[in-house]
Amino acid sequence: WITLGTSALALFLIILGISAVHGGHTPAASGIETINPEHVRDDARFKEPGLVKSKSSDHDYDLYFVASAFMYEPGEVEIPVGSTVKVHVTSPDVVHGFQVVGTNINMMAEPGLISTYEMTFDETGEHLILCNEYCGVGHADMTSKLIIV
Ligand code: CUA
């Protein structure tokens, strides 16, 4: 039985490995943008992260966040109500969470990847952003806020 169990495990791992490498089942192969975590701050978008208005529309924005131990930058963002915002988040150190309470935004901020999610904010109010991936001693204090005005 041990031989059978071990063989089955080996088979599954081989299938998983082949699928990941040749099937394109990796985040980068799925079209998620990559970034060198050691050079996040050298990237113009994440040097001073925050809200950037689209050149083509008055209602479209990009919003850049850096999640690092143990804070988000920016620590608070004001968004005009009715805006469609594409949120981009990355981490220069370890895996963090990026949950915007009361919305559908709930991403992981992973070193090496830029996670994105687009949504329209139709109502005024405040949304707490919190880290829901345990990242170290300051995990519980890691918050930011979206203020829809
Ligand atoms: Cu960052 Cu938990």
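Described below are features of the structure shown in this document. (Residues numbered from 1 in each chain as written. Predicted model: local features only at pLDDT ≥ 70, side-chain atom pairs only at ≥ 80, totals over all residues. Heavy atoms only, no water.)

**Describing the overall build of the chain**
The criterion, for reference: In this text, helices come from DSSP runs of H or I with a minimum length of four residues, and strands from runs of E with a minimum of two, each type numbered from the N-terminal end. Note on method: radius of gyration uses C-alpha positions; expected globular size equals 2.2 Å times residues raised to 0.38. Throughout this description, buried means an accessible area under 20% of the type-specific maximum (1.4 Å probe, protein chains only), exposed means over 50%, and partly exposed covers the range between. It only takes one pair of heavy atoms within 4.5 Å for two residues to be counted as in contact. Only the protein chains shown count as cover for residues, and all accessible areas are computed by the Shrake-Rupley method using a 1.4 Å probe. When charges are counted, Lys and Arg are positive and Asp and Glu negative, with His and the chain ends excluded. Charge positions come from single atoms, namely NZ of Lys, CZ of Arg, CG of Asp or CD of Glu.
In terms of regular secondary structure, the chain is built from 2 helices and 10 strands. Computed over its C-alpha atoms, the radius of gyration of the chain comes to 19 Å, more than 25% above the 15 Å expected for a compact globule of 149 residues. Along the first, second and third principal axes, the C-alpha atoms of the chain reach 65 × 40 × 30 Å. Here the chain holds 149 residues, and 35% of them are scored as buried. Considering only intrachain contacts with a sequence separation of at least 6, the fraction spanning at least 24 residues in the chain is 58%. Carbon and sulfur atoms provide 57% of the accessible area of the chain, an area that totals close to 8,900 Å². If the 7 positive side-chain charges of the chain are averaged to one point and the 19 negative ones to another, these points end up 7 Å apart.

**What about the nonpolar core?**
Let me state the cut-off plainly: Each nonpolar core is a collection of buried residues, namely Ala, Val, Leu, Ile, Met, Phe, Trp, Tyr and Cys, held together in the definition by side-chain atoms within 4.5 Å.
F65, F98 and L146 are the most contacted members of the largest nonpolar core, which totals 23 residues. Looking at this core, the elements that each hand over two or more residues are β2 (60-68), β4 (77-79), β5 (84-90), β6 (96-100), β7 (106-109) and β10 (143-148). Counting residues per element, this core draws most heavily on β2, which supplies 4 residues. The residues contacting L146, other than those within four sequence positions of it, are L63, F65, V77, I79, V100, F121, G125, E126, H127 and I129. If you look at the next biggest cluster of nonpolar residues, it comprises 6 residues, including V40, F46, Y64 and I114.

**Topic: the pattern of salt bridges**
Convention followed: Salt bridges are defined by distance alone: a side-chain nitrogen of Lys or Arg within 4 Å of a carboxyl oxygen of Asp or Glu.
The tally for this structure, following the rule as stated, stands at 4 salt bridges. Salt-bridge contacts for E33 lead to R45; the nearest nitrogen and oxygen are separated by 3.0 Å. Remark: R45 occurs in helix α2 (residues 44-47) and E33 occurs in the loop between α1 (2-22) and α2; sequence separation between them is 12 residues. Owing to a relative accessible area of 28%, R45 belongs among the partly exposed residues under this scheme. Note that E126 is salt-bridged to K145, the shortest N-O span being 3.5 Å. With E126 in strand β9 (residues 125-130) and K145 in strand β10, this residue pair connects regions lying 19 residues apart in the sequence. It is possible to trace a salt-bridge network through shared partners that takes in E33, D43 and R45.

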